[in-house]
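Notes for the structure review
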Amino acid sequence: MNKTEVIQNTVEFVKKTLADAEGGHDWFHIQRVYNNAKLIAKGENADLFVVELGALLHDIADYKFHNGDESKGPKMASEFLRTQNVPEEVTEHVIKIIENVSFKGGNEGQSFNSIELEIVQDADRLDAIGAIGIARTFNYGGFKGRALYDPKIKPNLKMTKEEYKASTAPTINHFYEKLLLLKDLMNTKTASEIAKKRHIFMEQYLEQFYKEWEGQT
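Note that the structure is predicted; figures quoted are calculated from it, not measured.

Let's talk about the overall build of the protein chain
When helices and strands are tallied, the protein chain shows ten helices and zero strands. In the protein chain, the order of α-helices and β-strands from amino to carboxyl end is α-α-α-α-α-α-α-α-α-α. Scaling as 2.2 N^0.38, a compact globule of 217 residues should have a C-alpha radius of gyration of about 17 Å, and the protein chain matches this with 18 Å. The C-alpha extent of the protein chain, read off along each of the three principal axes, is 60 × 35 × 30 Å.

Next comes the structure, spelled out in structure tokens:
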């Protein structure tokens with residue numbers, strides 16, 4: 001097995017699989033997470049090969065676009081990695097990353113932990129906040145036909161995993177139900193420092209949003 005070739009083949013597999021994906025969960029999202037993960041990994045004692053594969057395959061079949069099926073992504077990734085003759089222990093680690101990387105509501109815990117998972121999770125969460133995070137949030141809201149904002153519908157901060165997955169709340173609510181929580185959920189120092197800046201940007205954006213909503217300058 002040549003690791004460089006496996007990574008190149010994985011990139012091509014992901015690009016092909018996500019060719020028609022929603023704009024916030026397409027190849028460019030994967031590429032940003034991949035680059036973030038490699039940056040974060042520089043400061044950690046981690047298996048870079050596992051990190052790279054985990055980042056590239058973490059959203060290969062996001063449950064949000066597959067009727068809530070959380071098993072499709074791990075299954076697709078597992079089948080692909082076996083065609084690449086990746087060692088079984090590496091494949092299993094990558095599958096565990098895919099199964100545990102996503103934010104599924106504030107009360108949902110993880111069943112697996114590793115520094116490689118923490119790095120990929122941080123990289124994915126960084127792409128959910130800041131300027132790109134805001135763009136992705138509204139893009140997905142539009143994709144699902146959700147309202148921008150409704151003052152009568154308050155954010156639900158105590159959702160179960162099932163409620164989180166089934167939510168049809170206005171897009172602004174998602175800031176409070178997920179995005180603004182991520183800064184304090186970062187695992188690594190590198191990600192925490194980046195998250196602080198992006199968190200402030202989101203707070204400033206929301207302040208401006210409410211001003212304009214009320215007809216202020």
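As for the packing of aromatic side chains
Counted according to the given criterion, the structure contains eleven aromatic pairs. Geometrically, the ring pair formed by Y149 and F209 is edge-to-face, given 5.8 Å between the ring centres and 80 degrees between the ring planes. Here Y149 is found in the loop between α7 (130–143) and α8 (161–166), whereas its partner F209 is found in helix α10 (residues 189–213), with 60 residues between them in sequence. With respect to burial, Y149 and F209 carry one shared label: buried. With a centroid separation of 5.8 Å and an interplanar angle of 90 degrees, the aromatic rings of F209 and Y210 are classed as edge-to-face. The class for Y210 is partly exposed, based on a relative accessible area of 25%. An aromatic cluster of at least three residues, connected via ring pairs, comprises F138, Y149, F175, Y205, F209, Y210 and W213.

A look at the nonpolar core
Membership of the largest hydrophobic core comes to 52 residues, with the highest contact counts inside it found for L53, L57, V94, I129 and F175. Not counting residues up to four positions away in its chain, the partners in contact with V94 are V50, L53, G54, L57 and L81.

Examining α7
Side chains three or four residues apart in an α-helix point the same way, a direct result of the helix having 3.6 residues per turn. Under the 1.5 Å per step criterion, the end-to-end length of α7 is 20 Å for 14 residues, consistent within 8% with the ideal 20 Å. Among the residues of α7, those classed as buried are G130, G133, I134, R136, T137, F138, Y140 and G141. Looking at the buried residues of α7, the elements they touch are α2 (27–41), α9 (171–177) and α10. Remark: G145 follows α7 within two positions and exhibits a positive phi of approximately 70 degrees.

A look at unusual backbone geometry
Backbone geometry at N85 places phi at a positive 60 degrees, although glycine is not the residue there. Within the secondary structure, N85 sits in the loop between α4 (72–83) and α5 (88–100).

Notes on α5
A rise of 1.5 Å per residue sets the reference length of α5, with its 13 residues, at 18 Å; its end C-alpha atoms lie 18 Å apart and thus fit the reference within 8%. If you follow the buried residues of α5, they end up packed against α3 (48–57), α4 and α6 (115–126).

Overview of the pattern of salt bridges
All chains considered together, the criterion is met by seven salt bridges. Between E88 and R82 there is a salt bridge, and its shortest N-O distance comes to 2.5 Å. Residue E88 is classed as partly exposed on the basis of its relative accessible area of 35%. The partly exposed category is assigned to R82, whose relative accessible area is 42%. The partner of E207 in a salt bridge is K211, and the shortest N-O contact between them spans 3.9 Å. Taken together, the residues E207 and K211, both in helix α10 and four residues apart, mark about one turn of the helix.

Observations regarding the side chain of N173
Turning to its location among the elements, N173 is positioned in helix α9. At 3.1 Å, the side chain of N173 forms a polar contact with the backbone oxygen of I153. With residues near it in sequence (within four places) discarded, N173 still touches I153, K154 and P155.

Topic: the packing of helix α1 (residues 3–17) against α2
Where α1 meets α2, the axes come as close as 9 Å, and the angle between the chain directions of the two elements is 150 degrees. Handedness of the α1/α2 crossing: right-handed. Residue-level contacts link I7, V11, V14 and K15 of α1 to W27, I30 and Y34 of α2. Tallied by class, the residues present in the contact of α1 with α2 amount to six nonpolar, no polar and one charged.

Conventions used here
Residues numbered from 1 in each chain as written. Predicted model: local features only at pLDDT ≥ 70, side-chain atom pairs only at ≥ 80, totals over all residues. Heavy atoms only, no water. Helix = DSSP H or I, 4+ residues; strand = E, 2+ residues; numbered from the N terminus. Rg over C-alpha atoms; globule rule 2.2 N^0.38 Å. Phe/Tyr/Trp six-rings, centres within 6.5 Å; stacked < 30°, edge-to-face > 60°. Buried < 20%, exposed > 50% of the residue type's maximum accessible area, 1.4 Å probe, protein only. Core = buried A, V, L, I, M, F, W, Y, C linked by side-chain atoms within 4.5 Å. Contact = heavy atoms within 4.5 Å. Expected span 1.5 Å × (residues − 1). Salt bridge = Lys/Arg side-chain N within 4 Å of Asp/Glu carboxyl O. Polar contact = N/O pair within 3.5 Å; in protein donor to acceptor, adjacent residues only side chain to side chain. Axes fitted to C-alpha atoms, helices over the stretch in contact; angles between N-to-C directions. Left-handed = near helix turned anticlockwise from the far one by under 90°. Nonpolar A, V, L, I, M, F, W, Y, C, P; charged D, E, K, R; others polar.

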